[in-house]
Amino acid sequence: MSKFLKAGATIARPWRNVSTSHWLLAAVLLAFFGVLLIWPILQIVATGFRRPGGRLTLAYVELIFKDPELVRGMLNAAGVAISVTLLTLLISLPLAILSVRYEFPGRRLLSGFLLVPLILPPFVGAIGLRLVLGRFGPLTQLVGGGPLGIDWIGKFRFGGMVVVEALHLYPILLLNLQASLANIDPALEQAAANLGASRETIFRRVTLPLIRPGLFAGSTLVLIWSFTELGTPLIFNFYTITPVQVFRQILEVSSNPLPYALVVVVLLASSLLYLAGKVALGRGFDAATTKASVGATITRLHGIKAMAAFLLFFTIVLLAIVPHVSVVVTSFAKTGSWYQSLLPRGLALGHYRQVLGDELAFPSVMRSIQYASLATAVAVAVGLGAAILIVRSNIPGRGLFDALSMLPLAVPGLVLSFGYLAISIGLKASLGKRMPRILDVQEWPVLVLVLAYAARRLPYVVRSAVAGLQQTPRDLELAAANLGASRFTVLRRITVPLIVGSLIAGGLLAFSFAMLEVSDSLILAQRSDYYPITRAILDLSQRLGDGTYIASALGVWAMILLTLTLLSANTLLGRKMGSMFRV
Amino acid sequence: MQRYVYILLFALVLFAPLLARMAIVSPQAREATTANAARLVVITPNNQDIRREFAIGFDRWHVAHYGQSVVLDYRTPGGTSDIERQLKSTYDAYRDAAGTLPPEIPVEIDVVWGGGDYSFNQVLKPAGILQTAPISPNLLAAAFPEPKLAGVRLYDATSGPDGKPTPLWLGVCLSSFGIMYNPDVFERLGLPAPQVWGDLTNERLDGFISLADPGHSGSAAVTYMMVLQRAMADAEAEFFLRHPDLRNAPAAQRAKDPAYAQAIGNGWKHGMGQLLLIAGNARYFTDSSEVVPTDVARGDAAAGMAIDFYARVTEQVVGSRRAQFVLPVGATAITPDPVAVLLGVRGERLRLAGHFIEFLLSPEGQRLWILKVGVPGGPVDRSLWRMPIRRGVYADRTGWEPTTDPFEVAHGFNERGEWMVGFGDTRMIWGCAWIDSGDALSAAYSAVLSVSDDTRRREMINGLMDLPITWDEVKHIGVERARQPRERMDEWDAELRIQFARRFRDHYRAVKCLAENR
């Protein structure tokens, strides 16, 4: 390994020798981040530092630390984030190892099902969970709750939140770990084994260090996501937690700069968490880890071992699909018939008919597919560019690009969306009739929606691409360059093909989360003729009396479509879901 | 092969519903809107049912009266506060350094519709972004024979130099908040059906009450205010029994009487205590008002404070075994839900906006709120179950869904203007007492409820209700705030909130220690 490090060091050039193409790339990326992240954030966050009249102040930030409730909210958020990340790791690591290294009956099918949490539309997921965890809901019926039922949501708030979030977020870590594991050259582990190392030593001393890029990529995403998660605490009525405090204060009737100052503190805290993760897991990455030079060996499990592996997969899948199952059952339940019973007392297809007849529902799905596809294309292009700068260039301050690309995770979606809206309105006020229609969110939100989705979902692509590049030896690219290939040819023929698995992993995450994006969709898509699916689901779910059922019907359809989108994209590339990450 | 199967399935799932849709939706319904239809842009928090029915109704009415089809182009950025924020930022972009708006503002949105009178009175009107509604004085007089319903204004009080009304907003229907409850769960709890707000303070309802957040919902806040005002009115009635001489004295003179002020202050405090117990029983304070009826109907909550039409539609869908609605007689606020034209709307768009308001106040527009589905002039898909604001239309209720007459239910009791002083600050206090220090409240309430001796528990509950705050203090907040320099105002407010929350937390902790005999 040290030999590689030395080779890397001698290849490194002084920063003034940074190539023109890297400078150009940096300029394009800075423009992207500047317009789509910094500008809207500044637009909103400045409120937290400005007194009425315009003078700058730190008074509001100070106030946050004076308020014991806000401080406790921050500690709770950190507590939840750390617990969720640890639990996610506990779930994902064995699953990743089993799915990449071993073969047992049902592995392929269950591996596909493990990604199910990725296809759960928001609201619908909340509807499903509220139903299952209801006082007289199916869980209560299952355990026999007595005449007054069991208040699951009220009784198990912290633990409930951690479990629900971990079961929602583990695929992010799982995908990254699978990609990292698949990238390890088995020769390294075989060499260790030949030298007499035990399995445990090999895992601790060889495997674990080698999968650090994936571990870092995945756990950072989970950590920051759960730190800023809003939906789950709201389901559990947990108010003393920062994201909920920001949300509630921002939406309060009186205008108040405090929540905006709180957003700044969240940003700083997220950056600290990110840096802490980087120090703990992310130091010393280099192209030292090689791509597999020999095929990975897959061990076939038999007997009790196979059964145990199957049971582990099955249990996680079972827990993960509870909200989905409940949504499916709800969509077929007769209105009001799922009350104090394990299953609905009557079935009906009427809700699907309602959805079909709805003016908003179907066009919204088609639009969402278009928006999300475009956004994914933008995110993959920008993400790849950012990853190349971060890993392969000597450009000064390249850590900045790393931090910038993670920024969307730390900013509440609501803040970013209002930022876009405020910019568009401000531009219109100053440009008047000369304002191009494509920039006018209230008239034609498509461009801003697509770019907003791309910016919000960029972290997945950047993390995956960076992990992919870090695990791909630079020697191959240098060899191609030595043979006279241009930078673009190297990118097209060597780099991208080598990390395509990571790019697909990031792209798929970006696509499915863009399909299910909430804040941008609610704030930016105000005209019903531009509604994406999340907005349509929200509208339907708010229908009094039977909204839950109708929204579930649309949710089921969206889940099937999203599953098939992922499977189709996957098969189009000629790889199966399970082996996709073994590049 | 597998790849083609998935792609085929994908296409099938994508397109099958579109084909099915063509089969089940009638061609008339799919008929495109008339090409030469006029367009009116309306920003609204109203739900899809209301939006759809009024789009159809207005178009029909406009064709019949003005010979032209109109498309209502709705903008729905979310709830009332989202709309307020968007409108404020839209207009703020045009203000000069002094905050003045130019005479010409190229706004896209013509009309703002729905969200409660509080939003129109306290946010949109003071922001200076509404213009006088373009309707004839005759229509105003016909629609509103009385400008108030038991003390609450039904349209904006602005008037011109000649004293004639030039309202910036007009109520188009009425909302009331009441108790929605699940009879089945009440039976399981062994409790009689609730009739008055006080019934929600029962300790056996701990964890069974569903409430809306007073900081987010203006109409919920008005309802909580009615609990206070009911307690104040009761205290006043009791005071008059002891001092009959003051009953007919002018309000100004009464207010100066220290004994009277003391009695009203005690009533306020008792009301705050009642609200605290209801908050103690609450499962949560929701931002989304649809959650309350849904949770009650599902049995997750036994009762909640809900807006009338949410409760009635839910009752209709799930049946009266699981959802019923009660308006506490003489203790509910009945408030208008307004419409207004935005500043900067001119010419043809202004004329259309005027037509829209004319339709909303017309007998046809008014009946659309409450007629049954299928009745001529009624809704196409679902009844809206809202109360018309024109008193006259209540005379003939043929084809109506069952409803109460709000003009009778009010029983002369509605918001009392003089007791609304400090309303904004009272909302802040509720936020501090119920939400900011919510964990401490829950802990104290649980500790109190686990005291087994009935007399001691009652004492503890009374102790908990005795919040360390007085009405005088709340009224004084406004005076103090006015003394602050403008640029320190937000900071001062935030500090005040922290102080109050701390004060309430200390109170809850003290009660908890007492209850636990520590």
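Residues numbered from 1 in each chain as written. Chains lettered and ligands numbered in written order. Predicted model: local features only at pLDDT ≥ 70, side-chain atom pairs only at ≥ 80, totals over all residues.

Novice: So what exactly am I meant to see when it comes to the interface of chain B and chain A here?
Specialist: Put simply, an interface is often sized by how much accessible area is lost when its parts join up. Each partner contributes residues to the interface: chain B has 67 residues there, and chain A has 63 residues. At 13 residues, the largest contribution of residues to the side of chain B that touches chain A is made by helix α1 (residues 2–24) of chain B. Its residues assigned to classes, the side of chain B that touches chain A comprises 28 nonpolar, 19 polar and 20 charged. (Contact = placed C-beta atoms within 7 Å. Helix = DSSP H or I, 4+ residues; strand = E, 2+ residues; numbered from the N terminus. Nonpolar A, V, L, I, M, F, W, Y, C, P; charged D, E, K, R; others polar.)

Novice: Explain helix α12 (residues 212–228) of chain A here, please?
Specialist: Because an α-helix packs 3.6 residues into every turn, residues spaced three or four apart end up facing the same way. Counted at 1.5 Å a residue, the expected span for α12 of chain A with its 17 residues is 24 Å, and the 24 Å between its end C-alpha atoms agrees. Judged by how many residues are buried, α12 of chain A sits mostly within the fold: 17 of 17 residues are covered. (Expected span 1.5 Å × (residues − 1). Buried ≥ 20, exposed ≤ 12 C-beta atoms within 10 Å, placed from the backbone.)

Novice: Help me out: how do you make sense of helix α11 (residues 291–298) of chain B in this one?
Specialist: Residue and element names in this part refer to chain B. Among the eight residues in α11, eight count as buried, and that is most of the element. When α11 is considered as a whole, its buried residues turn out to be Val 291, Val 292, Pro 293, Thr 294, Asp 295, Val 296, Ala 297 and Arg 298. Immediately beyond the C-terminal end of α11, within one or two residues, lies Gly 299, with a positive phi of roughly 85 degrees.

Novice: Teacher, can you tell me more about the pairing of strand β7 (residues 169–181) of chain B here?
Specialist: Sheet faces and side chains relate simply in a regular strand, where the side chains alternate between the two faces. Residue and element names in this part refer to chain B. Burial of β7 is extensive: 13 of the 13 residues sit out of reach of the surface. Pairing between β7 and strand β12 (residues 334–342): seven bridges, direction antiparallel. Looking across to β12, one finds that Gly 171 is bridged to Pro 338. In this sheet, strand β13 (residues 387–388) lies alongside β7 in antiparallel orientation, the contact comprising two bridges. (Pairing = 2+ DSSP bridges.)

Novice: How should the environment of Val 71 of chain B be read in this particular structure?
Specialist: Within the element layout of this structure, Val 71 of chain B appears in strand β2 (residues 70–75). Separated by 13 residues in sequence, Val 71 of chain B and Phe 58 of chain B place their C-alpha atoms 8.6 Å apart.

Novice: Is there a simple way to think about the packing of helix α3 (residues 59–66) of chain A against helix α20 (residues 489–515) of chain B in this case?
Specialist: The geometry of a pair of packed helices is captured by two quantities: the angle between their axes and the separation between those axes. Running from N to C, α3 of chain A and α20 of chain B cross one another at 0 degrees; their axes reach a closest spacing of 11 Å. One finds that α3 of chain A runs roughly parallel with respect to α20 of chain B. Contacts between α3 of chain A and α20 of chain B involve Ala 59, Tyr 60, Leu 63 and Lys 66 of chain A from the former and Glu 491, Ala 494, Glu 495 and Ile 498 of chain B from the latter. (Axes fitted to C-alpha atoms, helices over the stretch in contact; angles between N-to-C directions. Parallel < 35°, antiparallel > 145°, perpendicular 65-115°, else oblique.)

Novice: Even after reading the chapter, I still don't get the packing of helix α2 (residues 20–45) of chain A against helix α20 (residues 398–410) of chain A, so can you show me in this structure?
Specialist: All names here are of chain A. Relative to each other, α2 and α20 sit at 30 degrees, their axes nearing to 11 Å. With respect to each other, α2 and α20 are oriented roughly parallel. Remark: the crossing between α2 and α20 carries left-handed chirality. When α2 is examined against α20, the residues Leu 29, Phe 33 and Leu 37 are found in contact with a partner set consisting of Phe 401, Leu 404, Leu 407 and Pro 408. Its residues placed into classes, the contact of α2 with α20 shows seven nonpolar, no polar and no charged. (Left-handed = near helix turned anticlockwise from the far one by under 90°.)

Novice: I keep staring at the environment of Arg 157 of chain A and nothing clicks. Help me out?
Specialist: Residue and element names in this part refer to chain A. Tracing the backbone through its elements, the reader meets Arg 157 in helix α9 (residues 157–183). In this structure the C-alpha to C-alpha distance between Arg 157 and Gln 370, which are 213 residues apart in sequence, comes to 38 Å. The residues contacting Arg 157, other than those within four sequence positions of it, are Phe 236 and Phe 238.

Novice: Hey, could you run me through the confidence of the model for chain B in this one?
Specialist: Do not read the fine detail of predicted coordinates wherever pLDDT is low. Residue and element names in this part refer to chain B. In the predicted model, chain B carries a mean pLDDT of 88, and the fraction of residues at 70 or more is 95%. Taking the mean pLDDT of every element in chain B, the minimum, 49, falls on helix α2 (residues 27–30) and the maximum, 97, on strand β3 (residues 111–113). The complex prediction reports pTM at 0.81, with the ipTM value standing at 0.78. (pLDDT = per-residue confidence, 0-100.)

Novice: Just to check I follow, could you spell out the environment of Gly 280 of chain B for this structure?
Specialist: Residue and element names in this part refer to chain B. The residue Gly 280 is located in helix α10 (residues 258–281) in this model. According to the C-beta neighbour criterion, Gly 280 is buried, with 26 such atoms within 10 Å. Not counting residues up to four positions away in its chain, the partners in contact with Gly 280 are Leu 441 and Tyr 445.

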